[in-house]
Amino acid sequence: MNENENLKMPPGLLGKKGSRRDFLRSTAVSALAGTALSACSTDESGAQSVSRDHEDRSGGSMAPNPAPVSPTAAADAMDKMHEAGIKAFPAKTAGKGNQPLEPRMVKGVKVYDLTAKRIRWETAPGQTVEAWAYNDQVPGPQIRVREGDRVRVTLKNELTESTSIHFHGLELPNDQDGVPFVTQPPIKPGQSYTYEFTVPNSGSHMYHSHHNAATQVGLGLLGAFIVEPKTPLPIEKADVDYTLVLNDGAHGYTFNGKSFPATEPIVAAKGQKVRIRFMNEGMMIHPMHLHGMHMTVIAKDGWDQPAPWKCDTLNIAPGERWDVIVNCDKPGTWAFHCHILPHAESDHGMFGMVTALVVK
Amino acid sequence: MNENENLKMPPGLLGKKGSRRDFLRSTAVSALAGTALSACSTDESGAQSVSRDHEDRSGGSMAPNPAPVSPTAAADAMDKMHEAGIKAFPAKTAGKGNQPLEPRMVKGVKVYDLTAKRIRWETAPGQTVEAWAYNDQVPGPQIRVREGDRVRVTLKNELTESTSIHFHGLELPNDQDGVPFVTQPPIKPGQSYTYEFTVPNSGSHMYHSHHNAATQVGLGLLGAFIVEPKTPLPIEKADVDYTLVLNDGAHGYTFNGKSFPATEPIVAAKGQKVRIRFMNEGMMIHPMHLHGMHMTVIAKDGWDQPAPWKCDTLNIAPGERWDVIVNCDKPGTWAFHCHILPHAESDHGMFGMVTALVVK
Amino acid sequence: MNENENLKMPPGLLGKKGSRRDFLRSTAVSALAGTALSACSTDESGAQSVSRDHEDRSGGSMAPNPAPVSPTAAADAMDKMHEAGIKAFPAKTAGKGNQPLEPRMVKGVKVYDLTAKRIRWETAPGQTVEAWAYNDQVPGPQIRVREGDRVRVTLKNELTESTSIHFHGLELPNDQDGVPFVTQPPIKPGQSYTYEFTVPNSGSHMYHSHHNAATQVGLGLLGAFIVEPKTPLPIEKADVDYTLVLNDGAHGYTFNGKSFPATEPIVAAKGQKVRIRFMNEGMMIHPMHLHGMHMTVIAKDGWDQPAPWKCDTLNIAPGERWDVIVNCDKPGTWAFHCHILPHAESDHGMFGMVTALVVK
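Residues numbered from 1 in each chain as written. Chains lettered and ligands numbered in written order. Predicted model: local features only at pLDDT ≥ 70, side-chain atom pairs only at ≥ 80, totals over all residues. Heavy atoms only, no water.

Enquirer: So what's going on with the relation of the copies chain B and chain C? Which residues, and what values?
Expert: After a rotation of 120° and a shift along the axis of 0.0 Å, chain B superposes on chain C with an RMSD of 0.0 Å. This pairing of chains is accounted for by a three-fold axis. Both copies present different contact surfaces, since only 4% of the interface residues of chain B are interface residues in chain C too. (Least-squares fit on C-alpha atoms with pLDDT ≥ 70 in both. Contact = heavy atoms within 4.5 Å.)

Following this line, the structure appears as structure tokens:
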């Protein structure tokens, strides 16, 4: 991927708020922006534990010349960029991926209609990229069904390339597996193709292109396919059920198609249980680190772990899905990011794979 | 590694079958090629669920000029390359690695003779690379013994560099550990060196060079060293026992020394249990994704997992070995590949780390 | 990172011992160097199992010209470089990181004083780099406390950039979490800042910068923060407790801030139990491979594993901590290295992420 694109922070982050268009954004999330992250500022008057005890020597031996930009001024300039990014979070952008797709019911079958086509997609304020998307969303709309459901998915291909859908993790009959020339013909530009099956196994799964897939998935032809079990285990009952799709292709480092500060915070009340379903659709590992609270790992690729285990940093490889539970017992805004630091921060501030878990 | 080499698909994949030399290849596997993967073709007449419902608008707004190459023609050209690769699978190439090496029995000792030398190695039809190989194979011949066996391995070094063998995973006495200048002198060009030990621990292990190893292992000086336990657990009894060595060095992305379409399918009858022993001899992780059925993970580095667990995507890091069981209850040809998609597919079609599990 | 720096082996490794400065180094470790690794040499007279049985054909078909540098001479030259690196181990360098930091006790509070500043740091003999360090050490001094302790950490920032400390893995109140503009203001050049908390959870944790962190952590602003549990489990009682911080940033591939041959061996007597606390502060995975003995994995990120499990190669991702136990039942010097081979060996010999477990 072109990392340079990530390193260029959009002008909006530096405070030019007037130039932003008025994008659609849920008011709940916008309201949060004003409260969750404004407690701290560069004005340290309220920070009782800070003491500028070396005022006279700052920039001493390392900056011997009284140059126009003093180390302190350079540090301040860097901090301003960092602050602007954080203050902008969660930033408004056009488009929101991974939105629930309601099926049409046809004689007891849940019918989902998908259209693949090329769109423009805003990953962060002012950063717009070419995307190949299902139903104009990156990730594509979330399909959520129940074990045993009869499901029909029709894909209309409005791309200029052939494509197909592989239901990654579902144990389908071979002819529904979505691999061109192995289990089906490719779906040509202009064609539609229908998959139909009874959902065999529960868990956090995915659907994505399996044709020229390094390109097509990288450009956005992917989505979450979540199957609720007939009988959930007690441990998997959660107050908040959040799906977090990681990607690192042509769109940069993204969570659900957005880069910080346009990523979406996960919000819970104190005492609530949050279930996070990690899904890696990229080409690199991403060890996700949660601040302040641990994660209890309950499932891998939709299969229950034989015994849940705890961590604060969970390594997620391409194609993997991991389900975790967080008991939100600690109020605050908790950073939540990939711990490959160049995926999360540059000298211009946080970007890419950063969001927050907000416990109210 | 030079990724560009992988991206150049050999002419054989584009249908110039006449220009291929007649390579040795097991007839069983060749016969499979004709049946397993020929059910689908670009001729969609038999695909009842395909409808070209947008014939008149294909290539509409995105290709406004009636250019000589229409989007549909471009898509067809791409699909032809994809189809050719799949139709060629499993493609014939010269040489086959990881073949069982029968020991000579000398007074109760199993004696294995290895010769390291430089050879030419065909990774995919028409793609021939320099390899440094044990007994002219990449991976080297498979050594399979039983816990408690007395084993002697003699290495003749016909390379122009010194070398050594480290038995990766075996808990040997220190003087058999194979690290030049630490546990033995290097084995100079022209020299032979003998290792001898009683096999201490069972499991899926490896042998490989431990001298200038980033180069020597990358070029092929590696092989599987499998130790059967005195008393196998019920869960590890399998109908098919398959070793899959992953590599990503100078030879490109390979399974057992071959790149798709020259990789070998794993074949089982419906109802059989397949044990797959993954071994990563490369420099990168490879999350292996199996379509259609899950894998039950039973061992790590030769050690039983305390409780088996299930997945469809297993992340395998360099030096690791993972043993899994697949219950082959679903007939069909199931794609089986690294889910770092650029290791498995380009716009020219599948290549590299792709094979299939064929359940008949 | 700049891999080329790693590939340049310092002159000291090639035997120019006279040019070395007299660095501080513990005599215990220096004494080891003379005994542990000198059993083998290029003089194979003592190696009963080596026979130069192809003296007359060495360099045969692959080196048809009687060139001034014969293959054997080239192999000898390479081996000499390999031998020199191993003979130099453990090589003396200036500075030692991860040293225990004794707290000042102030009214029942353990007080730790840290100063962040720019220093020069020697990673291997003759290889000196710019580092940003806590208390002139890379990694910073090891902080070791007990669950329930009251702890105060004061950071004096003598850098030219703002900074902060995040206590990675500790479940602290939000205002002690160390994320500038989210939980505190940045600590400006010349300022001091104080964190204070009651230690909530035990385990192998870390402290590091959370401001411009891709740069600052890469340059060395990191350290181990180890919390002993109130009631240790029987399995975690060990004779040797060793912390191994992996890094791969601006300083090259390092263990505790040093590259082979300047890495520190882990030393134990036969029969002892060694606990190793792996911490990855880098940007890449590092699958750590131990020769000769297996590791029993007991904790992840400070949390007990539900059931310990065994391996010889443990994949460690950025931000992760893994605790393992090694039962040292096999005497000898055992190689212990990252199994991404280009992180551990070049044609000039071992370098970077290599050390040894020495069982006496």
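Enquirer: Can you tell me about the environment of B:Val359, naming the residues and giving the values?
Expert: Residues and elements named next belong to chain B. Here Val359 is to be found in strand S22 (residues 354-359). Measuring from C-alpha to C-alpha, the distance between Val359 and Ala75 comes to 31 Å, with 284 residues separating the pair along the chain. Ignoring sequence-local partners within four residues, the contact set of Val359 consists of Ala268, Ala269, Lys270, Met293, Cys328, Lys330, Pro331, Gly332 and Trp334. (Helix = DSSP H or I, 4+ residues; strand = E, 2+ residues; numbered from the N terminus.)

Enquirer: Go over the pattern of salt bridges, please, and point to the residues and values.
Expert: A complete count under the given rule lists 60 salt bridges over all chains for this structure. As a salt-bridge pair, C:Arg144 and C:Asp241 come within 3.3 Å of each other at their nearest N and O atoms. Here C:Arg144 is found in strand S4 (residues 143-146), whereas its partner C:Asp241 is found in strand S10 (residues 240-247), with 97 residues between them in sequence. You can call C:Arg144 partly exposed: its relative accessible area is 26%. Here the salt bridges do not stand alone but share partners, grouping A:Arg144, A:Glu228, A:Glu236, A:Asp241, A:Arg275, A:Arg277 and A:Asp323 into one network. (Salt bridge = Lys/Arg side-chain N within 4 Å of Asp/Glu carboxyl O. Buried < 20%, exposed > 50% of the residue type's maximum accessible area, 1.4 Å probe, protein only.)

Enquirer: Hey, could you go over the sheet that holds strand S6 (residues 166-168) of chain C for me, with residue numbers and the actual values?
Expert: Residues and elements named next belong to chain C. Overall, mixed pairing links the 4 strands, which are arranged S4-S9-S8-S6 in an open sheet. If you trace the sheet from one side to the other, it starts and ends with S4 and S6, each paired once. For this sheet, the mean inter-axis angle between neighbouring strands, taken without regard to orientation, is 25°. As paired strands, S6 and strand S8 (residues 203-208) are joined by 3 bridges and run antiparallel to one another. The partner of Phe167 across the bridge, within S8, is Tyr207. (Pairing = 2+ DSSP bridges. Axes fitted to C-alpha atoms, helices over the stretch in contact; angles between N-to-C directions.)

Enquirer: Hey, could you go over the environment of C:Trp121 for me, with residue numbers and the actual values?
Expert: All names here are of chain C. With respect to the element layout, Trp121 can be found in strand S2 (residues 109-124). Its relative accessible area of 2% is what places Trp121 among the buried residues. Placed 24 residues apart in sequence, Trp121 and Gly97 show a C-alpha to C-alpha distance of 10.0 Å. Filtering out sequence-adjacent residues up to four positions away, Trp121 remains in contact with Gly95, Lys96, Gly97, Gln127, Thr128, Val129, Ala131, Asp136, Gln137, Val138, Gly257 and Lys258. Side-chain polar atoms of Trp121 contact the backbone oxygen of Gly257, separated by 2.9 Å. (Polar contact = N/O pair within 3.5 Å; in protein donor to acceptor, adjacent residues only side chain to side chain.)

Enquirer: So what's going on with the interface of chain B and chain A? Residues and values would help.
Expert: Listed by partner, the interface residues are 53 residues for chain B and 51 residues for chain A. In total, about 4,500 Å² of surface goes out of reach between chain B and chain A, with carbon and sulfur atoms giving 60% of it. Along the contact surface separating chain B from chain A lie 3 salt bridges. Between A:Arg321 and B:Asp312 there is a salt bridge, with its nearest N and O atoms 2.8 Å apart. Summed over the shared surface of chain B and chain A, the result is 24 residue pairs in polar contact (both at pLDDT 80 or more). Listed by contribution, the elements that provide at least two residues to the side of chain B that touches chain A are helix H3 (71-88), strand S14 (286-290), strand S16 (303-311), strand S17 (313-316), strand S19 (332-338) and strand S20 (345-346) of chain B. (Buried area = accessible area lost by both parts, 1.4 Å probe.)

Enquirer: Before we move on, can you summarise the sheet that holds strand S23 (residues 354-359) of chain A with the specific residues and values?
Expert: Within a sheet, adjacent strands bond to each other through the backbone by hydrogen bonds, running parallel or antiparallel. Residue and element names in this part refer to chain A. Across the sheet, which stays open at both edges, the 5 strands sit in the order S13-S23-S20-S15-S18 with mixed pairing between neighbours. Sheet topology places strand S13 (266-268) and strand S18 (313-316) at the edges, where each strand pairs with a single neighbour. Neighbouring strand axes in the sheet, compared pairwise and without regard to direction, differ in orientation by 15° on average. Relative to S23, strand S20 (residues 332-338) runs antiparallel, the two sharing 6 bridges.

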